[in-house]
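Commentary on secondary and tertiary structure
This is what each chain is made of:
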Amino acid sequence: MNDFYLTPLTGSILVFLVVVCGHRFRKAWKEQYPGWQKRAWMYGVPALVGLFMLGFVPLEF
């Protein structure tokens, strides 16, 4: 398990994806158009997984 880490580039890309997915989740929740629950899950789950990865996977320089 020592070989599993994030590089600065992958960490930066992951931060960007988490921000975009989180923003889209919030927008779907706020506007609540028909089918908003499906879109909220579609954006919320990747944002949650990305946050867990940023929190628990070490960053290697």
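This text goes with the structure placed above it.
Okay, so let's go over this structure.

Definitions and limits used
Residues numbered from 1 in each chain as written. Predicted model: local features only at pLDDT ≥ 70, side-chain atom pairs only at ≥ 80, totals over all residues. Heavy atoms only, no water. Helix = DSSP H or I, 4+ residues; strand = E, 2+ residues; numbered from the N terminus. Expected span 1.5 Å × (residues − 1). Buried < 20%, exposed > 50% of the residue type's maximum accessible area, 1.4 Å probe, protein only. Contact = heavy atoms within 4.5 Å. Phe/Tyr/Trp six-rings, centres within 6.5 Å; stacked < 30°, edge-to-face > 60°.

**Thoughts on helix α2 (residues 36-56)**
- In this model, α2 (21 residues) spans 30 Å end to end at C-alpha, consistent with the 30 Å of a helix rising 1.5 Å per residue.
- Inspection of α2 places Trp-36, Ala-40, Gly-44, Ala-47 and Gly-50 among the buried residues, and these make up the whole buried set.
- Looking at the buried residues of α2, the elements they touch are α1 (8-31).

**Considering the packing of aromatic side chains**
- For the structure shown, the criterion picks out two aromatic pairs.
- Ring centres of Phe-25 and Trp-29 lie 5.6 Å apart, and the angle between their planes is 65°; on these two criteria the pair is classed as edge-to-face. Of this pair, Phe-25 and Trp-29 both sit in helix α1, separated by four residues, roughly a single helical turn.
- Each ring, one from Phe-52 and one from Phe-56, has its centre 5.9 Å from the other, and the planes form 20°; the classification is stacked. With Phe-52 and Phe-56 both in helix α2 and four residues apart, the pair spans about one turn of that helix.
- Owing to a relative accessible area of 47%, Phe-52 belongs among the partly exposed residues under this scheme.

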